[in-house]
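Structural overview for review
Chain by chain, the residues:
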Amino acid sequence: IFFRVCFFFAHKMSRTNLLNSPTPVYDVLQPHPRTTANEHRNKVLLSILSSGLIAFSVSYLWLSTERTSAQSLYLSSMPRTVTTQSSSRPLVHLPVQTLRSSTSSNTDVPFVLAPQAGAESARPVSAGYGTAGVAQGLHRFPGLVAGVFAVAVGTLIWTTRKLMATSAPKVGLEDVAVDKAWCMSTIAARPEVPMQDVFENYKTGYQSVTKDIEDECWLEVTQGKIPEGLVGTLLRNGPALFERGGQKREYLDGDGMISQVAVKDGKVHFKSRFVGTDSFKREEEAGRFTDMTIFTAEDPRPEILGGPIWLYRLRDDIFGGPPSPKNNGAYNALHWAGKTMAIDWGRPWALDNDTLEVVGDGKTDALSKINYTAHYRIMENDDGTSTIVFFNPHTDWAKYKSTVSFYEFDEQGNQLSSKVVEFDATYFHDLIVTDNYYVLFDCPIKMDYGKAFVGYPLGKNSLGNTVSEDTDKAPLFRIYPRRGNEEPIFVESPYFCYAFHHVNGFDDGKKMVFDTCTWDRFTLYFTDIVKPDGKEFYPKTKMSRFVIDLEKGTCERKVIHETPCEYPVVGPKGTGKPYQHSYMCTSAVKDGEVHGPLQAITKVSMKDTSVDCAEATLESWVPGDYKFSMEPVFAQRPGAKAEDDGWILSLIHDGTPGNVGTDFVVLDAQNVEQGPIATCRLPHYVPIGVHGSFTPEYLGPATA
């Protein structure tokens, strides 16, 4: 194991730009086009290979004190089996009595564990390891062996990272100069509302529910009136069940629940159903969590299958990987080409349009048989039709490679095109699509080897917690032509940041606009949003515009507004084209430097649609002191000409003490600050969700 780990590091180092010319290489199959110092190349390789040689030599001598060299080398590298009177099975499945070489019937390798009653007694142990008592003692305590492994790998990682450190200045927040000519609006603080009360009531939106909460009914319009012309269905999805049998998982690991709100003839029908993934069905039957997840450090496998946690995480996840975390079907819902789908981090689940039950294994047609994430873009074509663009980013850290696939489908569900690109390992959450390009924002992260090879095997870190920000690199825009075989364009960002959810983008052939919600620091779990405490964790994002010169390969960054924001959306007429209006969730209260949780729905309107536009205005609606908006969804008015002609649909979490629940609201997209023109109370509480969509197709029952 020591030798394999050391070889792994040496192999990866030889593939990165650390060993190549510092001149950026603009090729899709090459490492990141970023300048990286390589002055420590020889020291790095020497350290890795020396550590590997020492580790291999120690393990070799440990196994071979009184054996021949050839026999010991062979035994230390071959698979071991457990031999009993009746069967031979892999080591992890039995309390071991004797390990025997498959090539020699008279060569027993002692490995002592507690014997079971009635089991074949262990064979006599020869003094073949030098001091037999010490060797047997080590074998009796596999945790000690794991500890030695962890210390060795940790030392190697620390040494390597120190040698790789350079004196190059890091791109940081203090280096950013903001153009004061740009509008940097901030929603006014409301100091009369106690900040900690706001956070405490916001937390009530992240309480787990159970399967018996599922419901279906007509809703009463308690305020206003459903506007004429609004016909269609809002589909919302998010983790809803993350507690079972006294066990708890992190929110984003919870099972998805679809909330369907169908509107027609001024009436509103509601339906909620859990996404019946394979994991959901298995865990419902077992009455407990059975599958490993991405964001929870606790692992159910040791309790169910027996053995220590490091065994499964080292053998199955790291060396036998990649790991296979639970698909929870919880991150978005979509209706396209007459099909409804729930989407999670890795795959879609086809649902029955009427019952919302998973159809078969969830893979029923072209749309549901390919993998893609919860983020996509719907492009309105010149002939009035629409095209949907999916993308599937997959990173294999063992191979240090990311593969991204782009797919385009028409309104009938026919695949129009696909493109696959590869490059060094990184992470993407969302994409921008313009008339001419697919655009990825490559925010620099790296595997945290200490957490990956020590914390994760020992159960201290979750799978999602094994990556961290990489401040030695600048963010990078990867721009790929949608059509033809033109070379991709790579442009570095002048500003160090992270971005998960992008607003919109467009290009005029020479310049490109890329608008997004930027984070100053990386957090894969969105802790500032889904688990804020008002002290260390609270929203800190801002809306940023990057203007990219496609011909010169340069980029400048401006701030549109500094009010913490997330979950942005634009109307169909503006997606991928020059646009003015966007909608997003924003903070509504502020105490000193601390912003409150996402609460308001805010409309951001640029002065014009030009690439160089530098002015914007904001208008917001705050649902209430202890009410919190979920992601806004745009529903376009039939026959609309203006970009913002339509409605904003949203679910609102009511965290008011004694009145916790969920509302459905309709806002005029052209006049957000006037508040809802219609409100309905849902029959039960729905946890604050993740993403959703609107289809003009009515999916509810017949209206009376």
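Keep in mind it's a predicted model, so treat the numbers as computed, not measured.

With that settled, the discussion passes to the overall build of the chain. Along its length, the chain carries 12 helices and 41 strands. The burial tally for the chain puts 54% of its 704 residues in the buried class. Pairs at least 24 apart in sequence give 63% of the contacts found in the chain among residues at least 6 apart. Total accessible area computed for the chain in this model is approximately 29800 Å², and 53% of it derives from carbon and sulfur atoms.

Attention now moves to the side chain of His581. Secondary-structure assignment places His581 in strand β31 (residues 581–587). Look past the residues within four positions of His581 in its chain and what remains in contact with it is Val570, Lys603, Val604, Ser605, Glu643 and Asp644.

Here we come to the nonpolar core. Judged by nonpolar contacts, the single largest core of 88 residues is most densely connected at Leu230, Phe477, Ile479, Leu649 and Phe664. The element best represented in this core is helix α6 (residues 195–203), accounting for 4 residues. Formed by 16 residues, the second largest nonpolar core is a distinct cluster that contains Ile560, Val570, Met606 and Ala616.

Disulfide: a covalent bond formed between the sulfur atoms of two cysteine residues. All chains considered together, the criterion is met by 0 disulfides. Just so you know, Cys565 is unpaired, no disulfide at all, and the nearest cysteine sulfur is the one on Cys517, 3.7 Å from it. The class for Cys565 is buried, based on a relative accessible area of 0%. The structure places no disulfide on Cys585, whose sulfur is separated from the nearest cysteine sulfur, that of Cys517, by 9.7 Å.

Bringing the pairing of strand β41 (residues 691–695) into the picture now. For β41, the tally of buried residues reaches 5 of 5 residues, placing the bulk of the element in the interior. The side-chain alternation of β41 yields two buried faces, one formed by His691, Ser693 and Thr695 and the other by Gly692 and Phe694. Two strands pair when backbone bridges link them, and strand β7 (residues 232–237) and β41 are joined in this way by 5 bridges, in the antiparallel orientation. Paired with Thr233 across the strands is Thr695, a residue of β41.

Next up on the list: the sheet that holds strand β19 (residues 415–424). A sheet is described by the order of its strands in space; here 4 strands give the open sequence β16-β17-β18-β19, paired in antiparallel fashion. Every other strand in the sheet has two partners, leaving β16 (376–380) and β19 as the edge strands with one partner each. In this sheet, neighbouring strand axes are inclined to one another by 15 degrees on average, regardless of whether the strands run parallel or antiparallel. In the sheet, strand β17 (residues 386–396) pairs with strand β18 (residues 401–409) via 9 bridges, with the strands oriented antiparallel. Among the inter-strand pairings, Phe390 is bridged to a residue of β18, identified as Tyr407.

To continue, consider the packing of aromatic side chains. Using the criterion set out here, one finds 29 aromatic pairs in the structure. Where Phe390 meets Phe409, the ring centres are 5.9 Å apart and the plane angle is 70 degrees; that geometry is what we call edge-to-face. Residue Phe390 is found in strand β17, and its partner Phe409 is found in strand β18; the two are separated by 19 residues along the sequence. Neither Phe390 nor Phe409 differs from the other in exposure class; each is buried. Put simply, the rings of Tyr427, Phe496, Tyr498, Phe500, Trp519, Phe522 and Phe526 touch in pairs and so form one group of aromatic residues. The ring of Trp349 carries the charged tip of Arg347 above its face, separated from the ring centre by 3.5 Å. Stacked on the ring of Tyr495, the Lys or Arg Arg557 has its end atom at 3.6 Å from the ring centre.

Those residues of helix α7 (residues 278–286) not exposed but buried are Ser279, Phe280 and Glu283. Summarising the axial view, the buried residues of α7 lie within an arc of 100 degrees, below the 170-degree limit, and thus occupy one face. Taken together, the buried residues of α7 touch β8 (239–241), β9 (243–244), β11 (255–264) and β12 (267–274). Gly287, located one to two residues past α7, shows a positive phi value of around 75 degrees.

Looking now at the sheet that holds strand β29 (residues 554–561). The strands making up a sheet are joined through hydrogen bonds of the backbone, oriented either antiparallel or parallel. In spatial order, the strands read β26-β27-β28-β29; together these 4 strands make up an open sheet with antiparallel pairing. Looking at the sheet topology across the chains shown, the edges are occupied by β26 (498–507) and β29. Neighbour-to-neighbour, the strand axes of this sheet turn through a mean angle of 25 degrees, independent of strand direction. When β26 meets strand β27 (residues 511–519), the two strands line up antiparallel, connected through 7 bridges. Directly across from His502, in β27, lies its bridge partner Thr516.

In the Ramachandran plot, Asp265 falls in the positive-phi region, its phi being about 55 degrees despite a non-glycine side chain. Secondary-structure assignment places Asp265 in the loop between β11 and β12.

Quick look at the pairing of β11 now. Consecutive side chains along a regular strand alternate between the two faces of the sheet. Of all 10 residues making up β11, 9 are buried, and the element is well covered by its neighbours. Inspection of the sheet shows β7 paired to β11 by 5 bridges, in the antiparallel sense. Within β11, the position partnered with Arg236 by the bridge is Ser259. Both β8 and β11 contribute to a ladder of 2 bridges, which runs antiparallel. Across the sheet, the residue bridging to Pro239 is Gly256, located in β11. Once β11 ends, the chain turns through 2 residues before running back antiparallel as β12, passing Asp265 with a positive phi of about 55 degrees.

This paragraph deals with the pattern of salt bridges. One side chain can pair with another of opposite charge once the charged atoms of both are near each other. In total, this model carries 38 salt bridges according to the counting rule given. If you follow the salt bridges from partner to partner, you end up with Arg244, Asp255, Glu283, Glu284 and Lys326 in one network.

Let us look at the confidence of the model for the chain. Across the chain, pLDDT averages 79, with 73% of residues at or above 70. Considering only residues more than four positions removed or in separate chains, one finds that residues 62–144, a stretch of pLDDT under 50, has 94 contacts. Contacts of residues 165–189 to residues separated by more than four positions or lying in other chains number 53 contacts, the stretch itself having pLDDT below 50.

What follows deals with the environment of Gly346. By secondary structure assignment, the location of Gly346 is in the loop between β14 (339–343) and β15 (348–351). Judged by its relative accessible area of 11%, Gly346 falls in the buried class. The spatial distance from the C-alpha of Gly346 to the C-alpha of Thr373 is 5.7 Å, given a sequence separation of 27 residues.

With that out of the way, let us pick up the environment of Ala474. Secondary-structure assignment places Ala474 in the loop between β23 (467–469) and β24 (476–481). Overall, Ala474 belongs to the buried group, its relative accessible area being 11%. The spacing of Ala474 and Asp442 is 32 residues in sequence and 8.9 Å in space, taken between C-alpha atoms.

Cut-offs and rules
Residues numbered from 1 in each chain as written. Predicted model: local features only at pLDDT ≥ 70, side-chain atom pairs only at ≥ 80, totals over all residues. Heavy atoms only, no water. Helix = DSSP H or I, 4+ residues; strand = E, 2+ residues; numbered from the N terminus. Buried < 20%, exposed > 50% of the residue type's maximum accessible area, 1.4 Å probe, protein only. Contact = heavy atoms within 4.5 Å. Areas by Shrake-Rupley, 256 points an atom, 1.4 Å probe, with all protein chains shown as cover. Core = buried A, V, L, I, M, F, W, Y, C linked by side-chain atoms within 4.5 Å. Disulfide = S-S within 2.5 Å. Pairing = 2+ DSSP bridges. Axes fitted to C-alpha atoms, helices over the stretch in contact; angles between N-to-C directions. Phe/Tyr/Trp six-rings, centres within 6.5 Å; stacked < 30°, edge-to-face > 60°. Lys NZ or Arg CZ within 6 Å of the ring centre and 35° of its normal. Arc of directions from axis to C-beta. Salt bridge = Lys/Arg side-chain N within 4 Å of Asp/Glu carboxyl O. pLDDT = per-residue confidence, 0-100.

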